[in-house]
Amino acid sequence: MPFGKGKGPKAPKPPKEKKPKKLKKGKGAKQGESQPAEGQEAAAKKKLNPIFLVISLVVIAAAAAIVVFVVLPRFRGEDAPPEPTPTVEPQPPELPEELKVGEELSVVGMALGGDESGAEAVLAKTITYTYINLNDAGKAAETYVGQLSQAEEPFSVVDEEFVLTDRPDFAAPEGSVIMARNLPLPKPEETLEEESGEPEESGPEPGESGEPEESPEPTPTPTPEPVEPPERMVLTVRIKWSEGQCVVTADEEVGMVTSPPRDNVPSGEAVTMRGAVDRLKAMNPAELGLPGESMDAYEVLAVDGVAMVDGAACIRVHVYSEENSAQSSEFMGSFLMSIDGRHLYRVDSITDEVEIIK
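Within any chain, residue numbers begin from 1 and follow the written order of that chain's sequence. Side-chain atom pairs in this predicted model are given and counted only at pLDDT of 80 or more, local residue features only at pLDDT of at least 70, and totals for whole chains, interfaces and linings cover all residues. Side-chain calculation: all heavy atoms of the structure are included, whereas hydrogens and water are not.

1. Examining the overall build of the protein chain
Inference 1: In terms of regular secondary structure, the protein chain is built from four helices and twelve strands.
Inference 2: Note on exposure labels: buried denotes an accessible area under 20% of the residue type's maximum, exposed denotes more than 50%, and partly exposed covers the range between, all computed with a 1.4 Å probe on protein chains only. Taking all 358 residues of the protein chain together, 22% fall into the buried category.
Inference 3: In the protein chain, the share of contacts with a sequence separation of at least 24, taken over all contacts with a separation of at least 6, comes to 52%.
Inference 4: For every accessible area listed, the method is Shrake-Rupley and the probe measures 1.4 Å; residues are considered covered only by the protein chains on display. Counting only carbon and sulfur atoms, one obtains 55% of the accessible surface of the protein chain, whose full area is about 29600 Å². Numbering of helices and strands starts at the N terminus; helices are DSSP runs of H or I of at least 4 residues and strands are runs of E of at least 2. The contact criterion used throughout is that any non-hydrogen atoms of two residues lie within 4.5 Å.

Here it is in structure tokens:
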């Protein structure tokens with residue numbers, strides 16, 4: 001008999017649990033059966049993924065467009081595209097509603113629409129006086145012409161083109177005459193550089209070396225735009241007389257008082273100093289801006305030397321008057337006549353500026 005305990009009967013094994021069979025891909029649950037919860041969540045995620053992908057692409061594209069078209073141009077210094085300007089309908093111009101005629105009368109002013117939005121009403125400088133109850137209107141007009149000719153700034157008798165001419169016949173029952181004188185040109189505006197003067201030189205500050213620094217590259221000087229010369233203006237007095245009255249109209253007009261053309265100098269022949277003096281003595285004082293009726297009351301002297309005006313050689317001539325209380329030679333003006341005899345200039349005794357007479 002073998003030693004030890006005897007083997008007893010073996011305990012029965014517990015029954016194996018059967019695992020549920022997995023469903024095959026592509027096949028759903030049978031009718032009446034429900035899928036497990038995990039399977040439903042996975043299917044829902046698979047259905048939502050394409051939508052999220054499309055939204056993400058749209059957001060990325062929008063962000064890229066903002067960076068390219070808005071952010072980068074600002075860093076590069078490029079201006080943003082201008083906003084469209086709203087159109088504004090033109091407004092009618094503001095014009096005077098009434099035009100005064102004398103002290104009591106008036107007429108309706110011009111009214112314009114929006115198509116003339118830039119129109120302006122400028123009051124004319126013209127002034128007219130009518131002298132009435134005259135015993136001899138022609139003689140009154142002649143007296144007034146003499147007053148204007150001997151004024152401090154004398155006038156001359158001219159035609160419609162402001163060319164010097166002869167006086168009319170004041171004994172006629174009616175007639176007209178034009179008196180005019182040149183107005184000085186406006187002075188050119190002074191530039192800022194002329195007003196500021198020369199820049200002050202400053203030495204090196206303490207602590208800085210006196211070694212010269214590299215000068216910056218010179219800035220190219222911009223080409224100045226061509227400046228149109230100012231218009232010449234004349235002050236005119238138009239006198240018209242008739243029986244018992246004389247109408248005087250003063251105005252400022254565009255033009256220049258000039259002498260009639262003279263062909264006294266043959267081609268190639270130059271004017272001498274004596275010739276320049278004779279020419280001035282033959283002129284009317286009003287042409288030179290001098291008072292009086294004749295140059296016989298003046299002493300005309302030529303000065304040695306030649307002055308250049310616009311590239312032309314000129315002879316300088318001085319005019320003196322002895323008709324004063326001290327009976328002394330009074331300097332009346334300085335003139336320049338070109339050697340070819342075609343041009344005559346007046347010289348300002350203070351500024352030495354040259355003004356053309358003819």
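Following the structure, the description resumes.
2. Observations regarding the sheet that holds strand β4 (residues 156-158)
Strands belonging to one sheet form pairs held by backbone hydrogen bonds; the direction of such a pair is parallel or antiparallel.
Inference 1: Only strands joined by at least two bridges in the DSSP assignment are considered to pair. Strands sit in the order β3-β7-β6-β5-β4 across an open sheet of five strands; the sheet is antiparallel. Either end of the sheet is taken by a strand with one partner, and the two such strands are β3 (127-131) and β4. Strand-to-strand, the axes of this sheet are offset by a mean angle of 25°, without reference to chain direction.
Inference 2: Two strands pair when backbone bridges link them, and β3 and strand β7 (residues 245-254) are joined in this way by five bridges, in the antiparallel orientation. When the bridges of β7 are listed, Tyr129 appears paired with Val248. Convention adopted: a line fitted to C-alpha atoms gives each axis, helices being fitted over their contacting stretch, and angles between N-to-C directions are expressed from 0 to 180 degrees.

3. With respect to the nonpolar core
Inference 1: Residues Leu280, Leu288, Met295, Val300, Val319, Phe335 and Leu344 are the most contacted members of the largest nonpolar core, which totals 17 residues.
Inference 2: Of all the secondary-structure elements, those providing two or more residues to this core are α4 (273-281), β8 (298-309), β9 (312-321) and β10 (330-338).
Inference 3: Core analysis: the second largest hydrophobic core is formed by 14 residues, Ala137, Val157, Val177 and Ile239 among them. For the purposes of this section, nonpolar cores are sets of buried Ala, Val, Leu, Ile, Met, Phe, Trp, Tyr and Cys residues that join through side-chain atoms within 4.5 Å.

4. Some remarks on the environment of Glu243
Inference 1: The residue Glu243 is located in the loop between β6 (233-242) and β7 in this model.
Inference 2: Separated by 70 residues in the primary sequence, Glu243 and Pro173 have C-alpha atoms spaced 6.4 Å apart.

5. Some words on the packing of aromatic side chains
Inference 1: Aromatic rings from Phe, Tyr and Trp, taking only the six-membered ring of Trp, are treated as a pair when their centres fall within 6.5 Å; an angle between ring planes under 30 degrees marks them as stacked, one over 60 as edge-to-face, and anything in between as tilted. As enumerated under the stated definition, the model contains two aromatic pairs in all.
Inference 2: On the basis of an interplanar angle of 35° and a centroid distance of 5.3 Å, the ring pair of Phe170 and Trp241 is categorised as tilted. Of the two residues, Phe170 sits in the loop between β4 and β5 (175-182) while Trp241 sits in strand β6, which places them 71 residues apart along the sequence. Residue Phe170 shares its accessibility class with Trp241, and that shared class is buried.
Inference 3: Each ring, one from Tyr320 and one from Phe331, has its centre 5.7 Å from the other, and the planes form 70°; the classification is edge-to-face. Taken together, the positions of Tyr320 in strand β9 and Phe331 in strand β10 put the pair eleven residues apart, joining distant regions of the chain.

6. Some remarks on the side chain of Thr236
Inference 1: Along the chain, Thr236 falls in strand β6.
Inference 2: According to the relative accessible area criterion, Thr236 is buried, its value standing at 0%.
Inference 3: A 3.5 Å cut-off defines polar contacts: any pair of N or O atoms within that distance qualifies, except that in protein one atom must be a possible hydrogen donor and the other a possible acceptor, and neighbouring residues in sequence count only when both atoms are side-chain atoms. In terms of polar contacts, Thr236 uses its side chain to reach the side chain of Glu253, at 2.8 Å.
Inference 4: When neighbours within four sequence positions are excluded, Thr236 is seen to be in contact with Phe162, Met179, Ala180, Thr249, Ala250, Asp251 and Glu253.

7. Description of the confidence of the model for the protein chain
Low pLDDT means the predicted coordinates in that region are not meant to be read closely.
Inference 1: Averaged over all residues, the pLDDT of the protein chain equals 75, while 66% of them reach at least 70.
Inference 2: Looking at any residue, its pLDDT shows the predictor's confidence there, from 0 to 100. Every residue in residues 26-35 scores below 50 in pLDDT, and together they form three contacts with partners more than four places removed in sequence or on other chains.
Inference 3: This model gives residues 264-268 a pLDDT under 50, and the stretch forms four contacts once residues within four places in sequence are excluded.

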